Amino acid sequence: MEQVVIGTLVLCGVLVGVIVTAMVMKKKQDRATQEGHLEVEAQATAMIEEAKAYRRKEEMAIQARLKETKEASYALKKEQKRLDNEAKKLQERATLLEQKRERLAQLEREKERAIDEVLEKMESLFSLSQQEAKAYFLEQVEQKSRLEVATIVRKYEQQAKEEGKKRAFDILAQATTRYAGEFAGERLMNLVTLPSEEHKGRIIGKEGRNIKSLEMLLGVDIVVDETPNVILVSSFNLYRRAIATEVLEILIEDGRIHPGRIEEVHQRVVAEFEQKTYEEGENILIDLGLYPMAEELVRLLGRLKYRASYGQNALAHTLEVAKLAQVMAGEMGGDEKLALRAGLLHDIGKALTQEEGGSHVELGAKLCQKHHEHPTVINAIYAHHGYEEPDSVESAAVCAADTLSAARPGARREVLEQFTKRVSEIEAIAKEDERVIDAYAIHAGREVRVFVNAQKITDAEAVLLSKEIAKKIETSVQYPGEIKVNLIREMRATSTAR
């Protein structure tokens, strides 16, 4: 009996467990179903909202197009009305001119009839022949008409001046519309990308010897900051900065960075740049149809790419002036090819100013005289800065083109030019002493590094020379803050083991 009871209880327990499990599973299914419904409802709501937003966007776009269509239609009607008014005015003016022409013809006939009557009366009254009376009458008319003639002459002179001015503006307008030059605004920094952050340590080197060697040799400021995988090369001298950028890229790609390797790569890059600038100048002349030209002029023409004036790239400005001058000379009946050549060489002296100093006008004129350039080219060099008056259509075209290129909005930035001029003056002052080999202004002009010949100066004299240079800079240059004069005297001894 007890076994039957126990069996019954066990069976009941199992049944209860099955029922409870079924109920739990049903609740889970109901909850999942409810959540599924909620998710579907949420997705449906989101899709409806998205559809509404898309519909609103489309409606706004349609309204905007309708508005644009209405505005265009209104503008078209307005323009049509203006044209109708202009046509009406022109018709009225033509009618008026025709009436005036008829009136003038009538007055001319009346004048002739009056003259004949006066001649007949004078012949009868004064016993003069018709020829004598006519001469007397003409003399009187001439005297009375002098004032009127002078007035008419002044009137037509003024008209001629106005027409000439209008024609000149038309030529300038045609020239500027037929040539749209590119503008290149040069910055003071170049960006060099590194493969990894590890290369920053290689560039700096042990105790900073690599970066010191780079800055001394290249004459630039190398900025290694927290920007990932990037270093900056800073210098106001575009040519020096371009060489430094190329040297760094080669060293980074090669992976071997030490003072000896830096000097080797620098020498090679300098030689390559000299060849590249010559080739660039040669390509420009071939493209313009002005080849051949003296080798020195070709090389300096290529160097203009690495020169800026008031923030405007000198080569871009030169090409712009040359092409504008060519177009204007052609419009005025001048020699287009000569104007193109004069415009191309008008600023050639700027390629020498950073090394030799002085006026780019004088340097450019002497250079072109040395290579027997056409007198018009030399006159254009002098005339575009007012040293001489233009003596030909081609020179005048170059002067006008130079003014247009410089005055174009955004072409020049005077603040940058003032900065580069100040830094150039600092370098020139540092190089005045014959014991100085070279000098570089770095750190945005806040430091100048001066390299001296160790065989011509002692350590004690080096200290005095640095003070003298600092004093000259103080008295000769206007600058904000302080400028550090860092004079470097380095003795090298080189021998070869065989």
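The structure displayed is predicted, hence computed values, not measured ones.

A. Layout of the pattern of salt bridges. Applying the stated criterion to the full structure yields 22 salt bridges. Glu296 is paired through a salt bridge with Lys370; the nearest N and O atoms lie 3.1 Å apart. Taken as a pair, Glu296 in helix α7 (residues 295–303) and Lys370 in helix α11 (residues 360–370) lie far apart in primary sequence, 74 residues in all. Taking relative accessible area as the criterion, Lys370 reaches 52% and is therefore assigned exposed. Between Glu447 and Arg449 there is a salt bridge whose closest N-O contact spans 3.1 Å. Owing to a relative accessible area of 8%, Glu447 belongs among the buried residues under this scheme. Classification of Arg449 by relative accessible area gives buried; the value is 10%. Here the salt bridges do not stand alone but share partners, grouping Asp254, Arg256, Arg261 and Glu264 into one network.

B. Representation of the packing of aromatic side chains in the model. By the definition in use, this model includes three aromatic pairs. Taking the centre distance of 5.9 Å and the plane angle of 80° together, the rings of Tyr239 and Phe273 count as edge-to-face. One end of the pair, Tyr239, is in helix α5 (residues 238–254); the other, Phe273, is in helix α6 (residues 259–288), and 34 residues separate them in sequence. Per residue, the accessibility class of Tyr239 equals that of Phe273, and both read buried. Of note, Lys276 hangs over the ring of Phe273, and the distance from its end group to the ring centre comes to 4.3 Å. Positioned above the aromatic ring of Tyr239 is the side chain of Arg303, whose terminal nitrogen or guanidinium carbon lies 3.9 Å from the ring centre.

C. The side chain of Glu373, seen in detail. Relative to the helices and strands, Glu373 is located in the loop between α11 and α12 (375–383). On the accessibility criterion, Glu373 (10% relative accessible area) is buried. At a separation of 2.8 Å, a polar atom in the side chain of Glu373 contacts the side chain of Arg341. Aside from chain neighbours lying at most four places away, what touches Glu373 is Met293, Leu297, Arg341, Leu345, Cys368 and Ile378.

D. Up close: the pairing of strand β3 (residues 230–234). Along β3, five of the five residues are buried, which leaves the element largely enclosed by surrounding structure. Of the two faces of β3, the one holding Val230, Leu232 and Ser234 and the one holding Ile231 and Val233 are both buried throughout. As judged from the five bridges shared by strand β1 (residues 189–193) and β3, these two strands associate in the antiparallel manner. Looking across to β3, one finds that Thr193 is bridged to Val230. Linking strand β2 (residues 221–223) back to β3 in an antiparallel pair, the connection comprises six residues, with Asn229 at a positive phi of about 60°.

E. How the structure looks around the confidence of the model for the protein. Here the protein averages 78 in pLDDT, while 80% of its residues score no lower than 70. Low pLDDT, under 50, characterises residues 180–186; the stretch is placed with 17 contacts to residues that sit more than four places away or in other chains. Across residues 409–415 the pLDDT falls below 50, and counting only partners more than four positions away or on other chains, this stretch makes 19 contacts in the model.

Cut-offs used in this document
- Here the residue numbers are simple positions, counted from 1 along each chain's written sequence.
- The model is predicted, so local features are restricted to residues of pLDDT at least 70 and side-chain atom pairs to those at 80 or more, both for listing and for counting; the totals for chains, interfaces and linings are taken over all residues.
- To get the side-chain values, take all heavy atoms of the structure and skip hydrogens and water.
- When a carboxyl oxygen of Asp or Glu lies within 4 Å of a side-chain nitrogen of Lys or Arg, that pair is called a salt bridge.
- Each helix is a run of DSSP H or I of at least 4 residues and each strand a run of E of at least 2, with the numbering of both proceeding from the N terminus.
- The cut-offs for exposure are 20% and 50% of the maximum accessible area for each residue type, with area from a 1.4 Å probe on protein chains only; residues under the lower value are buried, those over the upper are exposed, and the others partly exposed.
- Pairing of aromatic side chains here covers Phe, Tyr and the six-membered ring of Trp, requires ring centres within 6.5 Å, and sorts the geometry by plane angle: under 30 degrees stacked, over 60 edge-to-face, intermediate tilted.
- Criterion for a charge above a ring: Lys NZ or Arg CZ within 6 Å of the ring centre, and within 35 degrees of the ring normal.
- Any N or O atom pair separated by 3.5 Å or less is treated as a polar contact, with the protein-specific requirement of one donor-capable and one acceptor-capable atom, and with residues adjacent in sequence counted only for side-chain atom pairs.
- By definition in these notes, contact holds between two residues if any of their heavy atoms fall within 4.5 Å.
- One requirement defines pairing of two strands: DSSP has to find at least two bridges between them.
- The pLDDT value tells you how sure the predictor is about a given residue, anywhere from 0 up to 100.

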